[in-house]
Amino acid sequence: MRASRFFIHTAKEAPAEAELVSHRLMLRAGFVRKAAAGIYSWLPCGWRVARKIAEIVREEMDAAGCAEIFMPAVQPAELWRESGRWSVYGAELLRFSDRHGREFCMGPTHEEIVSDILRAAVSGHRQLPVNLYQIQTKFRDEIRPRFGVMRSREFIMKDAYSFDICEKGMRESYETMRRAYCRIFDRVGLKYRMVAADSGAIGGDTSHEFVVLADSGEEEILYDKNGNYAANAEHVPCAANDNGGDGNSRPEPREEMKKIQTPGITTIAALHEFLGGKTPPARSIKTMIARGSNGACALLLAGDRSLNIAKAARQPEIGAGAELASAEEARELIGAGFGSLGPVNMQLPVVADYSLQKSADMVCGANEDGYHYVGVNFGRDCPMPRFADLRAAQSGDAVPGGEGKLSSCRGIEVGHIFQLGDKYSKAMNVCAEMPEGGARPVLMGCYGIGVTRIVAAAIEQAHDERGMIFPDAIAPFAAVVIPIAPKKSGEETRAAAEKTYGELRAAGIDVLLDDRELRPGVMFAEADLLGIPHRIVISPRGLQNNEAEYKHRAADSPENIPAKTAAETITKKIRSNLAAGAGGQISRACQTS
Ligand code: ATP
Ligand code: MG
């Protein structure tokens with residue numbers, strides 16, 4: 001591609017609202033243009049990156065035995081009513097009516113449509129297994145679209161759906177996808193981890209996330225340094241009797257319960273200071289009110305721990321759709337504000353986190369503004385609560401089911417694989433005649449990859465003050481040839497650059513020739529901003545010594561290489577980089593789950 005005929009529009013500054021580096025750089029580099037909140041046009045440089053990612057995904061899906069299809073973005077409400085999701089999906093589902101008043105939605109995912117395809121086409125076990133995939137636009141009316149294409153409303157996803165007749169088959173399809181995903185992320189050239197995305201409650205290993213490691217990521221991963229455990233922090237269980245104390249028993253009460261005046265004290269930290277630093281977190285009770293489909297409940301945690309709302313939803317007292325009550329609701333229910341709540345004389349059911357299981361002589365709010373109790377003991381001053389796993393796991397907690405402590409890192413979820421079982425096939429009557437006779441619902445798996453999110457994730461993972469740094473496989477161009485050719489005397493330089501450019505193209509390298517004859521500094525800055533990994537500069541001075549200047553985007557300084565064989569040298573480098581990514585070696589990140 002010649003830069004003079006290409007569409008490169010870069011800017012010095014990004015709009016102030018762009019918070020994340022990747023968002024700022026994508027806007028500055030002219031990768032995307034916002035059409036509305038969370039809705040973007042992809043411009044040539046950005047689209048090249050997205051396309052290269054999509055192509056790697058497509059190749060690996062095909063290699064794994066999946067068949068590509070293309071389903072509609074607009075989906076009829078009837079199918080969603082059949083699956084039962086029309087009423088439960090909520091506001092992320094964008095619904096509308098056509099001119100006849102028929103209801104539709106923009107597809108946020110395609111289980112319903114693909115199930116409908118399958119039930120029409122498949123009747124017997126001999127037609128299975130199959131795995132159908134597409135690379136297509138999804139729409140989710142995200143409550144807070146942000147960070148550009150990282151969390152947009154319209155985005156491109158690869159979604160695949162497997163259909164099997166038995167559990168074993170479903171697990172094999174899942175395993176095939178897991179391996180294909182590892183190859184995809186290896187080839188794309190990202191540092192990532194595959195992590196358990198559920199607590200393993202339903203038979204274990206039913207869902208995994210692929211997370212690109214980046215400090216700015218929204219996901220927290222907790223992992224065991226020995227490589228035996230890694231999971232999304234949201235899904236990490238905390239064991240009973242793990243609040244840092246020793247032994248399994250609660251110490252005997254030593255203090256009498258006393259009500260004390262604590263004017264204006266509503267935080268654990270302020271209370272700690274007010275009491276002269278004498279109440280360690282395990283003896284300060286944090287009380288929250290949560291409510292769900294089954295009712296409202298008071299939840300108690302050690303003062304330094306935070307609630308995992310998904311764990312709250314698992315308590316029978318609360319149930320699905322668990323949410324924290326607002327300050328006003330808490331006041332209405334209990335008669336005191338946040339920071340003054342506690343288990344003594346609590347009217348609501350009470351569940352306490354394991355972090356308080358071994359605590360005695362505690363401090364808590366008195367359910368009266370401006371007052372706390374000290375010397376509180378469960379079973380004496382208030383009923384013994386039921387203990388459960390409520391808290392968000394964090395680094396330093398025990399490795400579930402293992403030894404040692406968890407470490408923490410952050411990342412961006414770019415892929416997600418699930419074993420769905422018969423959830424959709426049962427609801428939508430996707431059945432097949434089984435080998436032993438009789439028809440049964442088939443078993444499904446679904447597998448997503450956020451193609452456009454990967455573009456942003458790759459930039460978050462590798463960039464510097466000058467711009468993006470792309471792996472060879474997904475860079476907008478793998479290489480750029482920049483001639484520094486004075487208008488009058490630059491003929492020879494231009495010719496040498498053309499020759500190198502032609503040779504690289506002939507070798508199948510995706511190369512940009514910057515023939516715009518701009519100031520060298522401008523051309524260098526743009527190549528750096530766009531993250532083009534390999535840069536070859538051809539100048540009259542270099543040619544005098546038969547040399548070209550080569551620099552890798554991530555290197556500190558350039559080096560001179562023979563000009564005649566520059567194309568060959570760069571081709572070798574790129575081929576070996578691509579082969580390293582595509583080496584077919586399942587990376588370590590993938591082996592540990
Ligand atoms: P998240 O927790 O980030 O909302 P999700 O669990 O809703 O993700 P899935 O339904 O599993 O996501 O979708 C599969 C993939 O699609 C995700 O792994 C992610 O890469 C991508 N994706 C999901 N939502 C968005 C979005 N709003 N913008 C861009 N990509 C997205
Ligand atoms: Mg989501």
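Residues numbered from 1 in each chain as written. Chains lettered and ligands numbered in written order. Predicted model: local features only at pLDDT ≥ 70, side-chain atom pairs only at ≥ 80, totals over all residues. Heavy atoms only, no water.

**A short note on the side chain of Asp 472**
In step 1: Tracing the sequence through the fold places Asp 472 in the loop between strand E26 (467-468) and strand E27 (479-483).
In step 2: We note that Asp 472 is buried and unpaired, the nearest opposite charge coming from Lys 52 at a distance of 9.4 Å.
In step 3: Only 2.9 Å separates the side chain of Asp 472 from the side chain of His 534, close enough to count as a polar contact.
In step 4: Beyond its immediate sequence surroundings of up to four residues, Asp 472 is in contact with Ala 478, Pro 533, His 534, Ile 574, Asn 577 and Leu 578. (Helix = DSSP H or I, 4+ residues; strand = E, 2+ residues; numbered from the N terminus. Buried < 20%, exposed > 50% of the residue type's maximum accessible area, 1.4 Å probe, protein only. Lys, Arg positive; Asp, Glu negative; His and termini not counted. Salt bridge = Lys/Arg side-chain N within 4 Å of Asp/Glu carboxyl O. Polar contact = N/O pair within 3.5 Å; in protein donor to acceptor, adjacent residues only side chain to side chain. Contact = heavy atoms within 4.5 Å.)

**Here's the deal with the pattern of salt bridges**
In step 1: Taken as a whole, this structure holds 49 salt bridges when the rule is applied.
In step 2: Ionic pairing is found between Asp 353 and Arg 391, a salt bridge with its closest N-O pair at 3.1 Å. Placement of Asp 353 in strand E17 (residues 350-353) and of Arg 391 in the loop between strand E20 (386-388) and strand E21 (406-421) is noted, with a sequence separation of 38 residues between them. Each member of the pair, Asp 353 as well as Arg 391, carries the same accessibility label: buried.
In step 3: Note that Lys 499 is salt-bridged to Glu 503, the shortest N-O span being 3.0 Å. A residue pair is termed a helical-turn pair when its members lie 3 or 4 positions apart in one helix, as Lys 499 and Glu 503 do in helix H11 (residues 491-506) at four residues.
In step 4: If you follow the salt bridges from partner to partner, you end up with Asp 464, Glu 465, Arg 466, Asp 528 and Arg 553 in one network.

**Regarding the site of ligand 1**
In step 1: Taken together, 14 residues form the shell around ligand 1, and within it Arg 140, Glu 142, Arg 151, Ser 152 and Glu 413 come nearest.
In step 2: Between ligand 1 and Ser 152 there is a distance of 2.8 Å, counted from a nitrogen atom to a backbone nitrogen or oxygen.
In step 3: Backbone polar atom of Val 414 to an oxygen atom of ligand 1: 3.1 Å apart, as the coordinates give it.
In step 4: Relative to its unbound accessible area of 580 Å², ligand 1 is 83% covered by the protein chains.
In step 5: Breaking the shell around ligand 1 down by element, the ones donating at least two residues are strand E8 (154-164) and E21. (Near = heavy atom within 4 Å. Areas by Shrake-Rupley, 256 points an atom, 1.4 Å probe, with all protein chains shown as cover.)

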